[in-house]
Amino acid sequence: MKYDVIVVGAGMVGATAATLLARAGFSVAVIEHHEPAPFNKEQAVGLRVSAFSPGSADILGEAGAWRQIERQRFCPYRRMVVEDREETVRLEFSAAEFGLERLGTLVENELVQWSLWQSLLIQGGIDLFCPDRVTSLEYVDGDPSIGLDSGKIIQSRLLVGADGANSEIRKLLGIRQDHWEYGQSGLVCVVQTVTPNNGLAWQRFLEGGPLAFLPLADGSSSIVWSLPEADAARLLSLDNDTFIAEINHAISGGENHWPDRVSSCGPKAAFPLSMRLGERYAARRGVLMGDAAHVVHPLAGQGVNLGLLDAAGLVEVLVDARNRNVDIADEKTLEKYARWRRSESEIMARGMHGIRGLFIPEALGPLRRLGFGVVSSSWTVRDAFIKRATGRNRNAPALARGQTLTDLLRAEHH
Ligand SMILES: Cc1cc2nc3c(=O)[nH]c(=O)nc-3n(C[C@H](O)[C@H](O)[C@H](O)COP(=O)(O)OP(=O)(O)OC[C@H]3O[C@@H](n4cnc5c(N)ncnc54)[C@H](O)[C@@H]3O)c2cc1C
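Note that the structure is predicted; figures quoted are calculated from it, not measured. (Residues numbered from 1 in each chain as written. Predicted model: local features only at pLDDT ≥ 70, side-chain atom pairs only at ≥ 80, totals over all residues. Heavy atoms only, no water.)

K.L.:
Describe the packing of aromatic side chains, and please don't skip the residues or the numbers.
P.N.:
Under the counting rule described, the total for this entry stands at four aromatic pairs. Summarising the aromatic geometry, the rings of Y3 and F129 are spaced 6.5 Å apart at their centres and angled 90 degrees between planes, so their arrangement reads as edge-to-face. One end of the pair, Y3, is in strand β1 (residues 2–8); the other, F129, is in strand β8 (residues 126–129), and 126 residues separate them in sequence. A single burial state applies to Y3 and to F129, both of which are buried. Measuring from ring centre to ring centre gives 5.6 Å for W202 and F213, while their planes differ by 85 degrees; the resulting arrangement is edge-to-face. In this pair, W202 sits in strand β13 (residues 200–206) while F213 sits in strand β14 (residues 209–215), placing the two residues 11 residues apart along the sequence. Here W202 matches F213 in class, with each residue buried. The ring of F243 is capped by K268, whose NZ or CZ atom sits 4.8 Å from the centre of that ring. (Phe/Tyr/Trp six-rings, centres within 6.5 Å; stacked < 30°, edge-to-face > 60°. Helix = DSSP H or I, 4+ residues; strand = E, 2+ residues; numbered from the N terminus. Buried < 20%, exposed > 50% of the residue type's maximum accessible area, 1.4 Å probe, protein only. Lys NZ or Arg CZ within 6 Å of the ring centre and 35° of its normal.)

Put into structure tokens, the structure is as follows:
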């Protein structure tokens, strides 16, 4: 079997890329080892929740998933507050001041994965190999040829590695990775507060790392607490009452009314935090995207958003190549994608790394206050910050900036 594109990994990023590519008229094979669990809006809120920027919502809309998400469970947020423990520095952003309807939307990862899976199933031009996994990569007449666990062999002009942080495809393509372990974990949990969360994304930088409260549809909050690994392990082992007391201590002391005291909590889990950047995003007729290409600190909730921008970026580059009658896996075409997306994700990864550095105990208070002072007082800096956080900066792919796939394809015919 020979396809235009083989996408390995149908997580949120790979499934989006595969659907958009098929909608753009490319023949696509998708290889995934686990089918996502069916989602039911009566089920308890899942532990993994992501903040999707308006640009990402548009991309997921083009992939046919956003409408399904809106029929189930989601929570827009219109205000964002960032402060430090002493509240000597405080930043506040509202959607209205930037003429936006919302700054972003919180959705459970499981719901996004399930909605995208439905899109994959109904979209023509896609063959799904699931459950299956890649066992080998060879080249036949210069094109990638993939061996699967099931014994099947499939070929394509282009190979896409969207297989997550421990990407097998990255290794098979021989792409090195810069790797930085933070020695921290991201502890996640859904908590209820005495007064409900009314659409506020709140984050406080504590000595061990940032603690975020992100609003959910039922007024509860999804917390992400970045902590040294040993502290996270200790918190995970606490009973609920003691854990709640620790959160209430961490959020106390502010003059502001929210977050209010936590009254109950659900199960908790912790994930190791690292920064990873592929040294290149393209090699030997293959490209990387999503966590396979870059892993960033979750403090700005940008990981999956960056991946969705990669997916939209690749479609844009490939449609443009086809328009110019150039091979979609031509080295120059793939380099265009790779340079564009790597420089954008590097800005985000190093930006998050730097912001995190400003808040570690050894960091200089005056430097921190200076940084926050610049962001809070300069409209230009605030505007640039929000454009990037909403996925709508000038370098973002067209699909994140209001264009549709139909617009891209129409441009192709002119
Ligand atoms: C604590 C925490 C909080 C976070 N919060 C946010 C947030 O608020 N906002 C945000 O944008 N991001 C957030 N992130 C980051 C976000 O979760 C990731 O960036 C995102 O899930 C990556 O998606 P992906 O599709 O690239 O990779 P994955 O979700 O890892 O998907 C990879 C897929 O590939 C499949 N696969 C892997 N290997 C193979 C193989 N060999 N063959 C076949 N299939 C394979 C897997 O089964 C999986 O389905 C957070 C991360 C952490 C740790």
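K.L.:
Lay out the pairing of strand β2 (residues 28–31) in plain terms, naming residues and giving numbers.
P.N.:
Looking along a regular strand, one sees side chains alternate from face to face of the sheet. The side-chain alternation of β2 yields two buried faces, one formed by V28 and V30 and the other by A29 and I31. Sheet analysis places β1 next to β2, joined by four bridges and oriented parallel. When the bridges of β2 are listed, V8 appears paired with I31. Each parallel crossover has a hand, and for β1 linked through helix α1 (residues 12–23) to β2 it is right-handed. In the sheet, β2 pairs with β8 via four bridges, with the strands oriented parallel. Paired with V28 across the two strands is I126, which belongs to β8. (Pairing = 2+ DSSP bridges. Right-handed = clockwise from strand over helix to strand, strands pointing away.)

K.L.:
A description of the site of the ligand should follow, citing residues and the corresponding values.
P.N.:
In the vicinity of the ligand, 30 residues are found, and the nearest of them are E32, R48, D291, G301 and V304. Residue R48 places a side-chain N or O atom 3.0 Å away from an oxygen atom belonging to the ligand. One of the backbone nitrogen or oxygen atoms of A51 is found 3.2 Å away from an oxygen atom of the ligand. Secondary-structure elements contributing two or more residues to the shell around the ligand are α1, β3 (49–52) and α8 (303–323). Looking at the shell around the ligand, its residues break down into 13 nonpolar, 11 polar and six charged. (Near = heavy atom within 4 Å. Polar contact = N/O pair within 3.5 Å; in protein donor to acceptor, adjacent residues only side chain to side chain. Nonpolar A, V, L, I, M, F, W, Y, C, P; charged D, E, K, R; others polar.)

K.L.:
An account of the state of the cysteines is needed here, citing residue identities and associated values.
P.N.:
Following the criterion strictly, the structure yields zero disulfides and no others. The closest cysteine sulfur to the non-disulfide-bonded C265 is located on C189, 4.4 Å from its own sulfur. (Disulfide = S-S within 2.5 Å.)

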